[in-house]
Amino acid sequence: MKAELIVALDVAGTREALAVVDRLPKEIGWYKIGLELYSAEGPSVVQAVKSRGKNIFLDLKLHDIPRTVERAVRAAARHGADMLTAHASGGRAMLKAAAEAARSCGRVPPRIIAVTALTSLDQQDLRDLGIGRGLPEHVSSLAELALQSGVAGLVCSPQEVVSLRSRFGPQPVLVTPGIRPAGGEAGDQKRVATPAAAVKAGANFLVVGRPILEAPDPAAAARAVLREMTS
């Protein structure tokens, strides 16, 4: 499976989102709609970006009781989500409900992607949360729980891709935020890697937002990321 770029539409509204889609290279087929944009515009922004012929990674990080998450997955599928995130820490029953709901949604159901540990967290953050095990063990244990529950893949930092591939093989879809082009700043991400390193490690999808959106020439920045991915 060739690694693909997902551009994060971390913008204020539908008009800005479509302006980004229309400005970036046509070969970019995936866009992420996260909590900020979805909260501002609701399902209509998903449908607007889909109307441009794009795939939607709906990153809402669902985390609630199983029945609520099941209904949310069905609703997201109706609106056109192609991949949808849920927190692995929501537990086995919640993850199974999400996966089963997705599989019931038509011929091409959305893929449920479980979030292990946010890329903004480090070991000290886990200690603050009362989690005593190391970050690699924490990520691996949540990944195992999620995959056993039937989800299609995982969101993980690029630094964890090699270990997850080694443990779980080629089947799970691995989506990696925390991607920073060579020489770029990490920002508020704590576990980052370059596009080339993430692809080499075995990531299927690389999520990039600010390094493209905030560049003087976003289209040129996106092409540079695509070149790094194939280097």
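Look up a bit, the structure's there.
This section reports on the structure supplied with the text. (Residues numbered from 1 in each chain as written. Predicted model: local features only at pLDDT ≥ 70, side-chain atom pairs only at ≥ 80, totals over all residues. Heavy atoms only, no water.)

## Some details on the packing of helix α7 (residues 135-148) against helix α8 (residues 161-168)
Okay, step 1: Two elements in contact, α7 and α8, have axes separated by 11 Å at closest approach and are oriented at 45°. In terms of their interaxial angle, α7 and α8 are classed as oblique. Crossing hand, α7 versus α8: right-handed. Taking contact as the criterion, the partners of V139, S140, S141, A143, E144 and L147 in α7 are, on α8, L164, R167 and F168.
Okay, step 2: Of the residues in the contact of α7 with α8, the class split is five nonpolar, two polar and two charged. (Axes fitted to C-alpha atoms, helices over the stretch in contact; angles between N-to-C directions. Helix = DSSP H or I, 4+ residues; strand = E, 2+ residues; numbered from the N terminus. Parallel < 35°, antiparallel > 145°, perpendicular 65-115°, else oblique. Left-handed = near helix turned anticlockwise from the far one by under 90°. Contact = heavy atoms within 4.5 Å. Nonpolar A, V, L, I, M, F, W, Y, C, P; charged D, E, K, R; others polar.)

## A word on the side chain of H138
Okay, step 1: Its location among the elements puts H138 in helix α7.
Okay, step 2: With relative accessibility at 9%, the residue H138 sits in the buried group.
Okay, step 3: For H138, the contacting residues outside a window of four places in its chain are A117, L126, I131 and R133. (Buried < 20%, exposed > 50% of the residue type's maximum accessible area, 1.4 Å probe, protein only.)

## Some remarks on unusual backbone geometry
Okay, step 1: In this structure, K61 is a non-glycine residue whose phi angle is positive, near 50°.
Okay, step 2: Mapped onto the elements, K61 comes out in strand β3 (residues 55-62).

## Structural notes on the packing of aromatic side chains
Okay, step 1: Counted under the stated rule, the structure contains one aromatic pair.
Okay, step 2: Here W30 and F205 contribute two aromatic rings whose centre-to-centre distance is 5.1 Å and whose plane-to-plane angle is 70°, an arrangement assigned as edge-to-face. Linking W30 in strand β2 (residues 30-34) with F205 in strand β8 (residues 205-208), this pair joins segments that are 175 residues apart in sequence.
Okay, step 3: On the basis of relative accessibility, which here comes to 5%, the residue W30 falls in the buried class. (Phe/Tyr/Trp six-rings, centres within 6.5 Å; stacked < 30°, edge-to-face > 60°.)

## Notes on the sheet that holds β2
Okay, step 1: Taking strand neighbours around the barrel as the criterion, the eight strands line up as β1-β2-β3-β4-β5-β6-β7-β8 in a closed arrangement whose pairing is parallel. Across the sheet, the mean angle from the axis of one strand to that of its neighbour is 25°, orientation sign disregarded.
Okay, step 2: In this sheet, strand β4 (residues 83-87) lies alongside β3 in parallel orientation, the contact comprising three bridges. Bridge pairing links L62 to A86 in β4.
Okay, step 3: Contacts from helix α11 (residues 218-229) reach β1 (4-8) and β8, with the element oriented near 150° to β1. (Pairing = 2+ DSSP bridges.)

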